[in-house]
Amino acid sequence: MSSNGHDSPLASDPEVAAILHAELERQRTTVQLIASENFTSPAVLAATASVLTNKYSEGYPGRRYYGGNVHADEVESLARDRATALFGAAHANVQPHSGASANLGVYLALVEPGETILAMRLDQGGHLTHGSPVSITGKTYRFVSYGVTPARADGSGERIDLDAVRDLARRERPRLIVAGTTAYSRVIDPVPFREIADEVGALFMFDAAHPAGLIAGGAHPSPVGIADVVTFTTHKTLRGPRGGAILCGEEHARAIDAAVFPGLQGGPLEHVVAAKAVAFAEAARPEFKQYAAQVVRNAAALAAALVADGFRLVAGGTDNHQVLVDLRAFDAELTGKAAQEVLDRAGITCNRNQIPDDPRSPFVTSGLRLGTPAETTAGMRESEMAVVASLLARVLRDRDDQAVVESVRKEVRELCAGFDPYAGSPWIEGIA
Ligand SMILES: *Cc1c(COP(=O)(O)O)cnc(C)c1O
């Protein structure tokens, strides 16, 4: 029996059930500020928990290797149709297990091992799959990297350095140019990247892992139709299940599909594909436009409140769902690692992050990355963002005072009680 009296399907495994319940409780009673996380709808959760997890469906709709795929075909076709309609793309591959797999699928389809790819440096806001030496991407291809412009006192610096992109593109003649970031708080205009790619005869991939939901909701410019290929995750601002997807024009469809399967993956996760279909339909509704706009407004409110509390923000603020905090102006001694740990104890969940030209290592860092997608889903608005910022500042200011940490933990719990993402869905306790 779960706590609400329903029979839980997980009653047969109390050990796992207890962990899942504790995780549900953690998500409900702490503030989720990790920029790459969200709260999926009960419908997305239900599809993810469905019997499609039992099915093997290697191949694509109408071209499977095993029998019994009539419904897997239906659900994957639906997901593909909804993805292409949502983003206005010619072709969608909805099978990548993650954003990393989507990126790798594109490289495998379009770039020969050893050829050059131009992408953003990890310590400037890029992603591991943009050529980090510890990633298979960096081991397989020759990556050349651009970064952001120097910081400026008026906040106009720390933008993607398009001059560097152009210079490097001319000098290195990459096969592929990648735009897209994991820690960057400003809008990314795909048009100048297209122009540079055209000038040097490169292909152009836009990695929309973070802003996919903002793009679908009309809050950010769409790279679809401008970039040759767009990859994205379905679980960040898009608010679907954990996974990835690729959009492209017809000219690359066969190569992309062949790279994902059989090039990179075995059987697709059709239960997750079903949940992606649910999420694509949710993102096409008018409410999702309002959601995307609110995510951006909440980030702006969070940024303004943090600046008022003495924090310096990388790039001077935000246009999207995230805020990158440079902790050094607030407290030169405070590392990202120490800040993340004490905030965790106070019930404020976020991640440490390197800031551009960070003097500290990626494991320690001088920054924090904060994001609004999850708590906006839970219903928080600008006024709650101001409260969250002041709680965060209080903990960091008095981080050695256990009484302060405990009192903030209590206030966080009270705040979250009014913003339960799964209120009204008691059946979720039967799974979680
Ligand atoms: C999150 C992210 C990815 C990878 O997503 P996973 O699902 O974690 O593999 C790829 N690129 C960028 C820019 C990201 O932010």
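As the structure is a computational prediction, the values presented were derived from the model and not from experiment. One numbering rule holds for all chains: residues counted from 1, following each sequence as written. Since the coordinates come from a predicted model, pLDDT governs what is reported: local features require at least 70, and pairs of side-chain atoms require 80 or more to be given and counted, while whole-chain, interface and lining totals use all residues. In computing side-chain values, all of the structure's heavy atoms are included and hydrogens and water are not.

1. Some thoughts on helix H1 (residues 14–29)
Let me state the cut-off plainly: Only DSSP runs of H or I covering at least 4 residues are called helices, and only runs of E covering at least 2 are called strands; the numbering of each starts at the N terminus. A helix's residues, less one, multiplied by 1.5 Å, set its expected span. The classification of residues rests on relative accessible area computed with a 1.4 Å probe and restricted to protein chains. Under 20% of the type maximum is buried, over 50% is exposed, and intermediate values are partly exposed. Comment: arc refers to directions from the helix axis out to C-beta atoms.
The terminal C-alpha atoms of H1 lie 22 Å apart, and with 16 residues this matches the ideal 22 Å at 1.5 Å per residue to within 8%. Those residues of H1 not exposed but buried are Ala17, Leu24, Arg28 and Thr29. Projected onto a plane normal to the axis of H1, the buried residues spread over an arc of 115° and lie on a single side. Turned more than 90 degrees from where H1 packs its buried face, Glu15 and Ile19 sit exposed.

2. Structural notes on the sheet that holds strand E14 (residues 351–353)
The condition is simple: When DSSP finds two or more bridges between a pair of strands, those strands are recorded as paired. Between two residues, a contact is recorded if the distance between any of their heavy atoms is within 4.5 Å. To get an axis, fit a line to the C-alpha atoms, keeping to the stretch in contact for a helix; angles then go from 0 to 180 degrees between the N-to-C directions.
One open sheet accounts for four strands, arranged E11-E12-E15-E14; its pairing is antiparallel. Unpaired on one side and paired on the other, strand E11 (312–313) and E14 mark the two borders of the sheet. Direction of pairing for E11 relative to strand E12 (residues 322–326): antiparallel, over a ladder of two bridges. The residue of E12 that forms the bridge with Arg312 is Asp326. Packed on one face of the sheet, helix H11 (residues 286–308) meets E11, E12 and strand E15 (367–371) and runs near 20° to E12. Its contacts with the sheet put helix H12 (residues 336–345) on E14 and E15, and the angle it makes with E15 is roughly 45°.

3. Quick look at the pairing of strand E5 (residues 116–120)
The buried fraction of E5 amounts to five of the five residues, a majority that puts the element mostly inside the structure. Here E5 shows a buried face lined by Thr116, Leu118 and Met120 and a second buried face lined by Ile117 and Ala119. Looking at chain direction, E5 and strand E6 (residues 142–146) are connected through five bridges and run parallel. Within the sheet, the bridge partner assigned to Leu118 lies in E6 and is Val144. Both E5 and strand E7 (residues 176–179) contribute to a ladder of two bridges, which runs parallel. Bridge pairing links Leu118 to Ile177 in E7.

4. Section: the site of the ligand
In plain terms, the rule: Note on definitions. A residue lies near a molecule or strand when any single heavy atom of the residue is within 4 Å of it. Pairing of N or O atoms within 3.5 Å defines a polar contact, subject to two protein rules: one partner must be a possible hydrogen donor and the other a possible acceptor, and residues neighboring in sequence count only if both atoms are side-chain atoms. Each accessible area is a Shrake-Rupley result for a 1.4 Å probe, and residues are judged covered by the shown protein chains and nothing else. We call Asp, Glu, Lys and Arg charged. Ala, Val, Leu, Ile, Met, Phe, Trp, Tyr, Cys and Pro are nonpolar, and the rest, Gly among them, are polar.
Neighbouring the ligand are 13 residues, the closest being Gly99, Ala100, Thr182, Asp207 and Lys236. Between Gly99 and the ligand, the recorded distance is 2.9 Å, taken from a backbone N or O atom to an oxygen atom. One of the side-chain nitrogen or oxygen atoms of Asp207 is found 2.6 Å away from a nitrogen atom of the ligand. Relative to its unbound accessible area of 380 Å², the ligand is 86% covered by the protein chains. Each residue belonging to the shell around the ligand can be placed in one class, and the counts come to two nonpolar, nine polar and two charged.

5. Quick notes on the domain arrangement of the protein
What counts here: For the domain bounds, the source is a domain assignment made automatically or taken from a database. Buried area: the accessible surface (1.4 Å probe) lost by two parts on joining, summed over both. The salt bridge criterion pairs a side-chain nitrogen of Lys or Arg with a carboxyl oxygen of Asp or Glu, the two atoms within 4 Å.
Here the protein is described as being made up of domain 1 (47–283) and domain 2 (287–417). One C-alpha centre belongs to domain 1, the other to domain 2, and the line joining them spans 28 Å. Overall, the association of domain 1 and domain 2 removes approximately 2100 Å² of surface from exposure, summing both partners, and the carbon and sulfur fraction of that is 52%. Between the two partners, domain 1 and domain 2, sit two salt bridges. Of the charged contacts in the structure, one is a salt bridge between Arg186 and Asp319, with a shortest N-O distance of 2.9 Å.

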